[in-house]
Amino acid sequence: MAAGSVFASVPRAPPVAVFQLTADFREDADPRKVNLGVGAYRTDEGQPWVLPVVKKVEQKIANDASLNHEYLPILGLPEFRANASRIALGDDSRAIKENRVGGVQCLGGTGALRIGAEFLRRWYNGTNNIATPVYISSPSWENHNSVFVNAGFKDIRAYRYWDAAKRGLDLEGLLEDMESAPEFSIFILHACAHNPTGTDPTLEQWKHIAAVMKRRFLFPFFDSAYQGFASGCLDRDAWALRYFVSEGFELFCAQSFSKNFGLYNERVGNLSVVGKDADNVQRVLSQMEKIVRAIWSNPPSQGARIVATTLTCPQLFAEWKDNVKTMADRVLLMRSELRARLQALGTPGTWNHITEQIGMFSFTGLNPKQVEYMIKEKHIYLMASGRINMCGLTTKNLDYVASSIHEAVTKFQ
């Protein structure tokens, strides 16, 4: 008699919500269907967009006979790491000039978060201190929690961020949670275009946040997934990160080039490390090299070469900034158009937050019953939280989406 499988007791894990939503959308035969779920840019025709500058650089790389498929260094392509950190921190960054910035090429922004989390667990606030509190905004991108749990941290806490009543930032609650956090706690901060709310602190509010974090000895770990994509301006979207660096913080910043280069499946990320001096940064990087070696050993080259080539050529860099602004402007247009339609319909509630929020996502404020109605009755797919991807809106489906939201809000208040 054959023995049972050694995997017989493994339970089936629930599907990842956003990918399940996309699978459900694909299986839906209704011609009216709209996907407002997954976090990827779409054109006004509802199609993925390969940036023109990326196509140009891919051809340039393909025609370069000097390139090969040898292993990259463990920490990644040097020109990618240096220039990724440079656009995050700025050309005039004092920290870069003082050689106290280092970069680690990672598998997307998620990989950068994981390498940073793994390092912090091993070497921050004591050796292997799994009890250091890690604070994540409420709400946040769901993977933040998973990354830090899987890195071994045992005390994951939420800090207040979203005020549902006013559909905006709960600054008072946020600052209170920072004031009460134990010293040396780690805070995950969204550099711009907060996911899922689309609500960012103002420049003055960021200054308040930085002042409390400095006084309370809290460690900032920025997640920068949308630089340039949020406002259309690289410098504006990096303001908070650069301000913290100018205030003397040591910090980490996980960077993703999925959105602003459209390189979703190339998994191009960078972990920027800012320290007090060059010696500290080099010792940190030496430990990160050991961590990377045991996880993916060496990163892939194609996406990093595309980004590095673009960032180091003035003409390509200018073209890329123009491509990014094209994406950002379309998102801003969809925000204003959706708000205008909801207000014209007299949809109950206030809808200012649609245009006050920024970036790819909008936290609509739709409740679970309204979301269920949108999916089941109107075939409009969005997250249970009410988060929608503004890039899923087009000039062809705006009226249908707006009228559907109006129906949902009117029927289920």
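The rules behind these values
- Residues numbered from 1 in each chain as written.
- Predicted model: local features only at pLDDT ≥ 70, side-chain atom pairs only at ≥ 80, totals over all residues.
- Heavy atoms only, no water.
- Axes fitted to C-alpha atoms, helices over the stretch in contact; angles between N-to-C directions.
- Helix = DSSP H or I, 4+ residues; strand = E, 2+ residues; numbered from the N terminus.
- Parallel < 35°, antiparallel > 145°, perpendicular 65-115°, else oblique.
- Left-handed = near helix turned anticlockwise from the far one by under 90°.
- Contact = heavy atoms within 4.5 Å.
- Polar contact = N/O pair within 3.5 Å; in protein donor to acceptor, adjacent residues only side chain to side chain.
- Buried < 20%, exposed > 50% of the residue type's maximum accessible area, 1.4 Å probe, protein only.
- Salt bridge = Lys/Arg side-chain N within 4 Å of Asp/Glu carboxyl O.
- Phe/Tyr/Trp six-rings, centres within 6.5 Å; stacked < 30°, edge-to-face > 60°.
- Lys NZ or Arg CZ within 6 Å of the ring centre and 35° of its normal.

A. How the structure looks around the packing of helix 7 (residues 171-180) against helix 8 (residues 203-215). It is at 9 Å that the axes of helix 7 and helix 8 come closest, and there the two elements cross at 10°. If you check the angle between helix 7 and helix 8, you find them roughly parallel. The hand of the helix 7/helix 8 crossing is right-handed. Counting all contacts with helix 7, which are made through Leu171, Leu174, Leu175, Met178 and Glu179, the residues of helix 8 involved are Gln205, His208, Ile209, Val212, Met213 and Arg215.

B. Here's a closer look at the environment of Tyr41. Position of Tyr41 among the secondary structure elements: in the loop between strand 1 (34-35) and helix 2 (52-62). The spatial distance from the C-alpha of Tyr41 to the C-alpha of Gly262 is 7.6 Å, given a sequence separation of 221 residues. When residues no more than four places from it in sequence are discounted, the contact partners of Tyr41 are Gln47, Pro48, Trp49, Phe229, Tyr264, Thr326, Met327, Arg330, Met360 and Cys391. Within the local environment of Tyr41, its side chain forms a polar contact with the side chain of Arg330, the two groups lying 3.5 Å apart.

C. Highlighting the environment of Leu311. With respect to the helices, strands and loops of the structure, Leu311 is situated in helix 13 (residues 302-312). Leu311 sits in the buried class, given a relative accessible area of 4%. Discounting residues that sit within four places of it in the chain, Leu311 has contacts with Asn83, Ala84, Arg86, Ile87, Phe261, Phe317 and Trp320.

D. Local environment of the pattern of salt bridges. Going through the model one piece at a time under the given rule, you end up with 22 salt bridges. The partner of Arg330 in a salt bridge is Asp44, and the shortest N-O contact between them spans 3.6 Å. Of this pair, Arg330 sits in helix 14 (residues 314-345) while Asp44 is found in the loop between strand 1 and helix 2, placing the two residues 286 residues apart along the sequence. The closest approach of N and O atoms between Glu407 and Lys378, which form a salt bridge, is 3.3 Å. Highlighted residues: Glu407 in helix 17 (residues 398-411) and Lys378 in the loop between helix 16 (368-376) and strand 12 (380-381), separated in sequence by 29 residues. Under the relative-accessibility criterion, Lys378 is labelled buried at 11%. The network of salt bridges with shared partners includes Arg114, Glu118, Arg121 and Arg122.

E. Seen up close, the packing of aromatic side chains. Considering all chains together, one arrives at 25 aromatic pairs under this definition. Measuring from centroid to centroid gives 5.9 Å for Phe317 and Trp320, while their planes differ by 40°, and the two rings are tilted. Here the residue Phe317 and the residue Trp320 both occupy positions in helix 14, the gap between them amounting to three residues, near one helical turn. The burial state of Phe317 is the same as that of Trp320; both residues are buried. By way of ring pairs, the aromatic residues Phe119, Tyr124, Phe148, Phe153, Phe219, Phe221 and Phe252 are connected into one cluster. Over the aromatic face of Trp351 sits the side chain of Arg167, whose NZ or CZ is 5.3 Å from the ring centroid.

F. Quick peek at the side chain of Gln105. In this structure, Gln105 sits in strand 2 (residues 101-107). Using a relative accessible area of 2% as the deciding quantity, one classes Gln105 as buried. Engagement of the side chain of Gln105 in a polar contact is seen with the backbone oxygen of Pro300, the distance being 2.8 Å. When sequence neighbours within four positions are dropped, the list of residues in contact with Gln105 reads Leu72, Leu75, Gly76, Leu77, Phe80, Arg81, Gly269, Asn270, Trp296, Pro299, Pro300 and Ala304.

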